[in-house]
Amino acid sequence: MAVYTILRAAFGYLFLVFLVRIVGRRPGKQLTPFEYVLIFYLGGLTLTGMVGPEMSLTNATCQILTIAVCHFGLTWLRVRSDTFTRILCGTPLVLLSNGRWRSRTMSNMHLQDDDVMDMARDQGLRGLSRIRLAVLETFGTISIIPAEKPGEESTEPSQNAG
C-alpha cells in the first residue's frame, strides 16, 4: 500500500510539472512553475492526508517526502544538464526586436502587444521606437531592453571589429 502511495505521489508531481511546462508562461509571475506546483500539490496532499479516505499521518508524510525527493531530483538534473534544463524550463523567447513584433512567438505564448507595452511603460518607455528588444524569460517575466539614445555608444561589440 505504501509503495502505491509513493508512486501515486510521484506521478502526480511529475504530471503537474509537465502540465505547467506545456501550458506555458505568462508575464508577471514571481514564482517559478516548480514553486507553484509544490505549493498547490503539497497543500492538496496535506489536505488529503487530513480529510481523505486514507486519513493517516504516515500516508501524508510518505507522499510529501516523495514529492520532496522528486523535486530534489529534478533540481539536481537541471543543475547538471543544460539539455534537461532547456526541456524542462525552456529558453528565453524574443517577442520584439528593433520595432518588429514576433507574431508567431506572441501567438504561441498567448501574449498580446499590450502585455509587452505595459512592461515597457513600467520602465518609462513609451512607443516601439524606444524599445530595442523585448524577451519573455523562462519563468514568465518580460525583459525590456531600451533602444539606444542618439549619441550613446553601443555596449555590444562591433560587427566590423577584427
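Residues numbered from 1 in each chain as written. Predicted model: local features only at pLDDT ≥ 70, side-chain atom pairs only at ≥ 80, totals over all residues. Heavy atoms only, no water.

Attention shifts here to the overall build of the protein chain. Of the regular secondary structure elements, the protein chain holds 6 helices and 4 strands. Ordered by position from the N terminus, the helices and strands of the protein chain form the series α-α-α-α-β-β-α-α-β-β. Looking at the protein chain as a whole, 27% of its 162 residues are labelled buried. Partitioning the intrachain contacts of the protein chain with sequence separation of at least 6 by distance along the chain shows that 58% fall at a separation of at least 24. (Helix = DSSP H or I, 4+ residues; strand = E, 2+ residues; numbered from the N terminus. Buried < 20%, exposed > 50% of the residue type's maximum accessible area, 1.4 Å probe, protein only. Contact = heavy atoms within 4.5 Å.)

Another aspect to go through is the pairing of strand β1 (residues 93-97). Looking at chain direction, β1 and strand β3 (residues 131-136) are connected through 4 bridges and run antiparallel. Paired with Leu 93 across the strands is Leu 136, a residue of β3. Pairing geometry for β1 and strand β2 (residues 100-101), over 2 bridges, is antiparallel. Residue pairing in the sheet places Leu 96 in a bridge with Trp 101 of β2. (Pairing = 2+ DSSP bridges.)

Looking now at the sheet that holds β2. On the basis of which strands lie adjacent, the open sheet formed by 4 strands has the order β2-β1-β3-β4 and antiparallel pairing. The outermost strands of the open sheet, each flanked by one partner alone, are β2 and β4 (142-146). Helix-sheet contacts for helix α6 (residues 113-122) involve β1, β2, β3 and β4, and the interaxial angle to β4 is about 60°. (Axes fitted to C-alpha atoms, helices over the stretch in contact; angles between N-to-C directions.)

Before going further, it helps to examine the confidence of the model for the protein chain. For the protein chain, the average pLDDT comes to 75, and 69% of its residues sit at 70 or higher. Helix α2 (residues 33-51) is the least confidently modelled element of the protein chain, averaging 66 in pLDDT, while β1 averages 92, the highest of any element. Low pLDDT, under 50, characterises residues 157-162; the stretch is placed with 0 contacts to residues that sit more than four places away or in other chains. (pLDDT = per-residue confidence, 0-100.)

With that out of the way, let us pick up the side chain of Ser 97. Mapped onto the elements, Ser 97 comes out in strand β1. On the basis of relative accessibility, which here comes to 18%, the residue Ser 97 falls in the buried class. Residue contacts for Ser 97: discarding those within four places in its chain leaves Arg 102, Arg 132 and Leu 133.

Let us look at the side chain of Thr 66. Topologically, Thr 66 is positioned in helix α3 (residues 57-80). The class of Thr 66 is buried, set by a relative accessible area of 9%. When neighbours within four sequence positions are excluded, Thr 66 is seen to be in contact with Ile 6, Ala 9 and Ala 10.

As a further point, take the environment of Val 135. Take Val 135: it is sitting in strand β3. Residue Val 135 is classed as buried on the basis of its relative accessible area of 9%. A sequence separation of 41 residues divides Val 135 from Val 94, and the C-alpha atoms of the two residues are 4.5 Å apart. Excluding anything up to four places from it in sequence, Val 135 contacts Pro 92, Leu 93, Val 94, Leu 95, Thr 141, Ile 142 and Ser 143.

Here the focus is the nonpolar core. One finds Leu 95, Val 116, Ile 131 and Ile 144 to be the most contacted residues of the largest nonpolar core, which totals 14 residues. At the level of elements, β1, α6, β3 and β4 are the ones that each hand at least two residues to this core. When near neighbours in sequence (up to four residues on either side) are disregarded, Leu 95 contacts Arg 100, Trp 101, Arg 102, Thr 105, Met 106, Leu 111, Val 116, Ala 134, Val 135, Leu 136 and Ile 142. Core analysis: the second largest hydrophobic core is formed by 12 residues, Tyr 13, Tyr 41, Ile 67 and Leu 88 among them. (Core = buried A, V, L, I, M, F, W, Y, C linked by side-chain atoms within 4.5 Å.)

Across 5 bridges, the pairing between β3 and β4 is antiparallel. Each bridged residue has a counterpart across the sheet, and for Leu 133 the counterpart in β4 is Ile 145.

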